Amino acid sequence: MRLTFLGTGVAVPFENRAQSSVLLEFDDKKVLIDCGIGCYHRLEQLGVGLDEIDAVCITHHHLDHNGDLLNILKARWLLDCSTLKIFGPPGTRYFIESLLEAYPYLRNKLSFDVEEGSKFAIGDVRFKAIPTIHSIESQGYVIEDAIAISGDTRAFEEFISAECAIMIHELSLPFNYIADTHTTPENLKSCLKSCKAERIYLTHLYPMTHRVRDEILEYLDCDAVIAEDMMRLSKI
Ligand SMILES: [Zn+2]
Ligand SMILES: [Zn+2]
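Keep in mind that what you see is a predicted model, and the values were worked out from it rather than measured. (Residues numbered from 1 in each chain as written. Chains lettered and ligands numbered in written order. Predicted model: local features only at pLDDT ≥ 70, side-chain atom pairs only at ≥ 80, totals over all residues. Heavy atoms only, no water.)

(A) Broad picture of a negative patch on the surface. On the surface, D214, E215, E218 and D221 cluster together into a negatively charged patch. Tracing the sequence through the fold places E215 in helix α8 (residues 213-220). (Patch = residues over 30% accessible without salt bridge, like charges linked within 9 Å, V, L, I, M, F, W, Y side chains within 5 Å. Areas by Shrake-Rupley, 256 points an atom, 1.4 Å probe, with all protein chains shown as cover. Salt bridge = Lys/Arg side-chain N within 4 Å of Asp/Glu carboxyl O. Lys, Arg positive; Asp, Glu negative; His and termini not counted. Charge placed at Lys NZ, Arg CZ, Asp CG, Glu CD. Helix = DSSP H or I, 4+ residues; strand = E, 2+ residues; numbered from the N terminus.)

Following this line, the structure appears as structure tokens:
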């Protein structure tokens, strides 16, 4: 399994980062976890065609996590691609239907199939969705007990303790923020004792969080890395 961070950015522009998106590559499948704005271009940069993507798993329907979904679906229609599998939290089907109300010219052209279950497989690879703590319905994904991807959430034990070698966790906010639906360094550190991952990749940092990244890594005092766009992890 190979993982590439396509987008590590947030809802404001910073350092040329694309918005949230991770590409997972298995033997014969390619899957996106979230597809925020910019991931579409990152795929091209990487040399991965939109026709090669088998499925998209959405953590939640905020624009910085799904902004390129319609772009991907429309391009796949123009490229005459097969049906795209879309997995997401409850409400995903309704959400996409609502988008098509706003863009009626796309209706009956886009080819997709939505599934909202909490356990599913893409090819032979097992995925589990765990509801997370955010301002709208949201879920993180655990893939083959090897990788856990939080999406936007407050850090909490049930997710942090997921069976995995690699944990990709959001860290939106810096020290001293009171936040119920995003992660702060203090919040993350309070859960770290139950983390089973060998390494944590931190993503979705707002600019003020990036400014204190060295202090945060020192404070967390664990094997943590700040993820960058196009960072690639092979042989997971
Ligand atoms: Zn969000
Ligand atoms: Zn976000």
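(B) Region of interest: the coordination of the zinc ion (ligand 2). Note on the zinc ion (ligand 2): its protein donors are D64 (OD), H65 (NE2), D152 (OD) and H204 (NE2). The metal-donor distances range over 2.1 to 2.2 Å. Coordination at the zinc ion (ligand 2) is irregular: its 4 donor atoms span angles of 88 to 163 degrees at the metal. Mapping the donors of the zinc ion (ligand 2) onto the primary sequence gives the spacing D-H-x86-D-x51-H. Separating the zinc ion (ligand 2) from the zinc ion (ligand 1) is a distance of 3.6 Å, and D152 supplies a donor atom to each of them. With a gap of 52 residues between them, D152 in the loop between β10 (147-149) and α5 (157-160) and H204 in the loop between β12 (199-203) and α7 (207-210) connect regions that are remote in the sequence. (Donors = N, O, S within 2.8 Å, 3.2 Å for Na, K, Ca; no water. Tetrahedral: all angles 85-135°; square planar, octahedral: opposite > 155°, others 65-115°.)

(C) Summary view of the environment of P90. If you trace the backbone, P90 turns up in the loop between β5 (84-87) and α4 (92-102). The class of P90 is partly exposed, set by a relative accessible area of 47%. Distance in space between the C-alpha atoms of P90 and S118 is 9.4 Å, their sequence separation being 28 residues. In this view, P90 contacts E116, E137 and Q139; residues no more than four positions away in its chain are not counted. (Buried < 20%, exposed > 50% of the residue type's maximum accessible area, 1.4 Å probe, protein only. Contact = heavy atoms within 4.5 Å.)

(D) Quick peek at the environment of C195. With respect to the helices and strands, C195 occurs in the loop between α6 (185-191) and β12. In the structure, C195 is positioned 33 residues away from A162 in sequence and 7.3 Å away in space, judged by C-alpha atoms. With residues near it in sequence (within four places) discarded, C195 still touches I160 and I200.

(E) Quick look at the sheet that holds strand β13 (residues 224-226). Within the open sheet, the 7 strands sit side by side as β7-β8-β9-β10-β11-β12-β13. Their pairing is mixed. The outermost strands of the open sheet, each flanked by one partner alone, are β7 (119-122) and β13. Adjacent strand axes in the sheet meet at a mean angle of 20 degrees when their direction is disregarded. (Pairing = 2+ DSSP bridges. Axes fitted to C-alpha atoms, helices over the stretch in contact; angles between N-to-C directions.)

(F) Molecular detail of unusual backbone geometry. Unusually for a residue other than glycine, D80 sits at a positive phi of about 60 degrees. Its place among the elements puts D80 in the loop between α3 (69-78) and β5. At E144, a residue that is not glycine, the phi angle is positive and equals roughly 55 degrees. By relative accessible area, E144 is classed as partly exposed at 27%.

(G) Here's a closer look at the layout of surface pockets. In this model, the largest pocket occupies a volume close to 230 Å³. Along the walls of the largest pocket sit 15 residues, with G67, L69, L70, N71 and Y103 positioned nearest its centre. Contributing elements (two or more residues each) for the lining of the largest pocket: α2 (63-66), α3 and α4. Of the residues that constitute the lining of the largest pocket, the class distribution is 11 nonpolar, 3 polar and 1 charged. Here the second largest pocket is characterised by a volume of approximately 170 Å³. M1, R2, E25, F26, D27, D28, K29, I122, G123, D124, V125 and K235 together form the lining of the second largest pocket. For the lining of the second largest pocket, the per-class residue count stands at 4 nonpolar, 1 polar and 7 charged. (1 Å grid on protein atoms, 1.4 Å probe; cavity = no way out; pocket = protein on both sides within 12 Å on 5 of 7 lines; lining within 4 Å. Points joined across faces, edges and corners; volume = space filled by probe spheres on them. Nonpolar A, V, L, I, M, F, W, Y, C, P; charged D, E, K, R; others polar.)

(H) Looking closely at the pattern of salt bridges. As enumerated under the stated definition, the model contains 17 salt bridges in all. Here E228 makes a salt bridge to R17, at a shortest N to O gap of 2.8 Å. Taken together, the residues E228 in the loop between β13 and β14 (232-233) and R17 in the loop between β1 (2-7) and β2 (21-25) connect sequence positions 211 residues apart. The salt bridge partner of K193 is E157, with a shortest N-O separation of 3.7 Å.

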